Amino acid sequence: MDTKFIGKKSAAAGGWGALKSCGKQLLQSGMPISGARTMLKANQPDGFDCPGCAWGDPEHGSSFEFCENGVKAVAWEATEKRATPAFFAEKTVSQLRQLTDYELELNGRLTHPMRYDAASDRYLPVAWKDAFAEIGSILTGLDNPNRAEFYTSGRASNEAAFLYQLFVRVYGTNNFPDCSNMCHEASGIAMRQAVGVGKGTVLLEDFEEADAIFVIGQNPGTNHPRMLGDLRRAAIRGARVVVFNPIRERGLERFSDPQDKIEMLKGGSTDIASLYLQPQLGGDMAAVRGMAKAVLAAENAAVSAGLPSVLDHAFLAEHCAGFAEYRAAVEATSWADIEDQSGLSRQEIERAADVYIDAERVICTWAMGVTQHLHSVATIREIANFMFLRGNIGRPGAGLCPVRGHSNVQGDRTVGINEKPSDDLLDALEKHFRFTVPREHGHNVLAAIGAMLDGSAEAFIGLGGNFARATPDSALVEKALRRLKLTVHIATKPNHSHLMPGETAFILPCLGRTEMDLNTAGNSQLMSVEDSMSMVHGSAGINRPASPHLLSEVAIIAGIAQATVGSAVVGWAELADDHDRIRDHIEATIPGFENYNARLRKPRGFHLRNTAAHREWDTPAGKASFSCEALPDETVHQRARKGEGRFALQTFRSHDQYNTTIYGLDDRYRGVYGERQVIFIHPADLKAMNAEAGDRVDVVGEHDDGIGRIAENFRFVPHDIPRGSIAGYYPELNVLVPLGSAGRESDTPTSKSIMVSFRRRQAA
């Protein structure tokens, strides 16, 4: 059996492997020297905000505030390769569709606006003014603004996102399917219910004071590597790091900091996790409930023995509502149910609880391993419950920290990208701009896809991203996009969404984060983003644009808006030429942005005040609110074990990947090289199936909606993962994620809770 693609795993995250990878990426870009110079301006006060993850920047920054992922993102954007009109002339769209995501984006930066020609099945160059005019004509020709969908990627700046939502609301709809709908929607909903604000309550500096850090359903080594530096420093000073993750991830075990000269010279590394627990898929809520049960048991024992209390009774009395009901719910939950659902033993869970009890200050962080389940909102409420017990909200070194993915996914939501806008936002827009704002809630991602499929949506505009590959049920989404009257994609590189054109289709190339955005006076424009810690940073590109025909996202939005709604309400061209004016409008309509332009120009920007961090609770009860929801009746792994040959699948990124962008075909932390169509599985499960490493299978979806879903020709990779659970990469496995399976309350696709089986393939 061919297993050449399975190789040695890195001994630790980071280290020489990260440096070699950075060098390789810069060389492949064709611009190694300028690329290296560019990186020195990443996350610097006089440079650009990294287009990668949303991890925060320290106040005491160094000259090297970037990581391997940042180098990959910049090299990917700053490549010398160009996808010119000649590239599109060589192949039809049908032929381009046969390329993999990696092969397609290797062709480089888009250089000209392009319009799809159905007769030749090719994209042809088009003038900007003609593109804007035709887009505007089609949008104004729809019989209802709600027939158009306006998608936003997390790479858009605050200024672009604000202008986008303003244009769309002047147009007359709240249809804002957004990348947030597919990742941290559950975090926002649960935290607003629990503490009154849908954002993390910590600053980066709190990681310097925490005694314990709980990392749940998160893989920072691949998804936000700079976080590993903060975890490493915490571990070195004696903080305990407790990990809950079904899969053993190298970055959560050991990290070698490339900026630590001694560690690099000695080939050493630092242990990250003090305790590493591997729950079954979907078992996190039960695990956290078990820790709470252990904490309450320790409290009872302390009271009986006349010892100091384990709970923070002052915090519970003054700041919390519903504690008695929650305590009753925890005590009514049996250890047998907790162990069965979590996949962990009582002893393992009690060890984690002991770390919590012994720590004065605790931070809990999580990501999509928590948010992409049916019961994600309930799980995050349970995390908040657990943190309330000892008052670990609203004081230094403690708090809740959902770690966002793309660099400005949080900022986009802050400035108005929301299909369910608050009345306060709509009132502010209506008062300031003096137009009648649409009040009806719009479509999120799943609702937008449904509207495309049933014909009630006729147009789609994507501000960045790769909608067709990021969303679930890939085959249905392709069908949905291709039946539209209009598709428009604002992008830096060709991707597969562009190859699913509607009746009329445009690709509109925009500037990248690292490139200068010059206004008509020749001055460089400043833009801004918000990180996971609610810090708002300025960002200004330093490189020349990849093509003289590129426009900024703001300029493209303004051009479409002018052609669609005119300038009676907003002077779009003036705003596109002066981002300070856009920020003036943000300041006038969005709380927390007072004196925006001045504060943005200070080193490291400014912090948006978080009420929960100050123990001010904007909840119906006026207090931090416990949830007493019972554990789920059944999780995906419990359902899977009832059926012969069924498994619980989660999708995740490889180490050479960011969201749907594939930088390379290696995953050195998991020991996979030159291959992406793989399934990670426990060796004992392979043996039970009489299968071996490298065997080929089709992965068959087992959702009970009558739709056949198959991911063909995948190979097994033995891995340290709980029995009955498996994992593999998206977007290749998104075809198996059903549109009809979404998180309760969050409506987020359940990409970590997919029921599948295998169909063996004959050896080639």
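Above this note sits the structure.
A brief report on the enclosed structure follows. Just so it is clear, the structure is predicted and the values come from calculations on it, not from any experiment. Counting starts from 1 at the beginning of each chain's written sequence and moves along it residue by residue. Only residues with pLDDT of 70 or above have their local features reported here, since the model is predicted, and side-chain atom pairs are shown and tallied only from 80 upward, although totals for entire chains, interfaces and linings are computed over all residues. Hydrogen atoms and water are omitted, and side-chain values are computed over all heavy atoms in the structure.

Next up on the list: the pattern of salt bridges. When a carboxyl oxygen of Asp or Glu is within 4 Å of a side-chain nitrogen of Lys or Arg, the pair counts as a salt bridge. A full pass over the atoms with the stated rule returns 45 salt bridges. The salt bridge partner of D340 is R641, with a shortest N-O separation of 2.6 Å. Remark: R641 occurs in the loop between α30 (636-640) and β22 (647-652) and D340 occurs in helix α17 (residues 335-342); sequence separation between them is 301 residues. Burial classes: relative accessible area under 20% of the type maximum marks a residue as buried, over 50% as exposed, and values in between as partly exposed (1.4 Å probe, protein chains only). On the basis of relative accessibility, which here comes to 31%, the residue D340 falls in the partly exposed class. The salt bridge partner of D698 is R759, with a shortest N-O separation of 2.8 Å. Of the two residues, D698 is situated in strand β28 (residues 696-701) and R759 in strand β31 (residues 754-760); the sequence distance between them amounts to 61 residues. Of the residues examined, D698 reaches a relative accessible area of 5% and is grouped as buried. Here the salt bridges do not stand alone but share partners, grouping D143, R147, E458 and K485 into one network. To qualify as a helix, a DSSP run of H or I must reach at least 4 residues; to qualify as a strand, a run of E must reach at least 2; elements of each kind are numbered from the N terminus.

It is worth spelling out empty space enclosed by the protein at this point. Grid points spaced at 1 Å over the protein atoms alone were grouped into cavities, where a 1.4 Å probe fits but cannot get out, and pockets, open sets with protein on both sides within 12 Å along at least five of seven lines, with lining residues defined by an atom within 4 Å of a point. Grid points are joined across faces, edges and corners, and a volume is the space filled by probe spheres set on the points. Summed over the entire model, instances satisfying the criterion amount to six cavities of 30 Å³ or more. Around the second largest cavity, the lining comprises 30 residues; the ones closest to its centre are G217, N219, N223, G369 and K752. Secondary-structure elements contributing two or more residues to the lining of the second largest cavity are α10 (220-223), α19 (368-371) and β22. It is β22 that contributes the most residues to the lining of the second largest cavity, three residues altogether. Residue composition of the lining of the second largest cavity, by class: nine nonpolar, 15 polar and six charged. Residues are grouped as follows: nonpolar covers Ala, Val, Leu, Ile, Met, Phe, Trp, Tyr, Cys and Pro; charged covers Asp, Glu, Lys and Arg; every other residue, Gly included, is treated as polar.

Let us now look at the state of the cysteines. In this description, the term disulfide denotes a pair of cysteine sulfurs within 2.5 Å. Considering all chains together, one arrives at zero disulfides under this definition. Note on C183: no disulfide assigned, nearest cysteine sulfur contributed by C179 at a separation of 5.5 Å. In this structure C183 comes out as buried when scored by relative accessible area, which is 11%. Not part of a disulfide, C628 finds its nearest cysteine sulfur in C320, a span of 14 Å.

Grouped together as the largest cluster of nonpolar side chains are 62 residues, with contacts concentrated most on F214, F244, F388 and L389. It only takes one pair of heavy atoms within 4.5 Å for two residues to be counted as in contact. For L389, the contacting residues outside a window of four places in its chain are A292, V295, L296, L311, D312, L316, F323, Y326, Y356 and F626. Definition of nonpolar core: a set of buried residues of the types Ala, Val, Leu, Ile, Met, Phe, Trp, Tyr and Cys, connected through side-chain atoms within 4.5 Å. In this structure, F167, I556, I590 and L600 belong to the second largest nonpolar core, which totals 60 residues.

Glancing now at helix α7 (residues 128-141). The first and last C-alpha atoms of α7 sit 20 Å apart over 14 residues, in line with the 20 Å expected at 1.5 Å per residue. Residues of α7 that are buried in the fold lie against β6 (148-152), α8 (158-171), β15 (459-463), β16 (486-491), β17 (504-509) and α26 (553-565). Multiply 1.5 Å by the residue count of a helix minus one, and that product is the helix's expected span.

Here we come to unusual backbone geometry. The omega torsion across Y730 and P731 is 10°, close enough to zero to call that bond cis. Phi at S534 takes a positive value of approximately 65°, unusual for a residue other than glycine. Relative to the helices and strands, S534 resides in the loop between β18 (527-530) and β19 (535-539).

Let us look at the sheet that holds β15. The pairing criterion is simple: DSSP has to find at least two bridges between the two strands. Strand order in the open sheet made by the six strands is β5-β4-β17-β16-β15-β6, with mixed pairing throughout. Each edge of the open sheet carries a strand with a single partner, namely β5 (122-125) and β6. Averaged over all pairs of adjacent strands, the angle between strand axes in this sheet comes to 20°, irrespective of strand direction. Relative to β17, β16 runs parallel, the two being bridged by six bridges. Looking at the pairing, H489 lines up with I507 of β17. Geometry is summarised by axes, namely lines fitted to C-alpha atoms with helices restricted to the contacting stretch, and by angles between N-to-C directions that run from 0 to 180 degrees.

Attention now moves to the side chain of S497. On the secondary structure map, S497 appears in the loop between β16 and β17. Using a relative accessible area of 1% as the deciding quantity, one classes S497 as buried. Not counting chain neighbours up to four residues away, the residues in contact with S497 comprise N466, F467, A468, R469 and H489.

Don't take any of this as a statement about function, it's just geometry.
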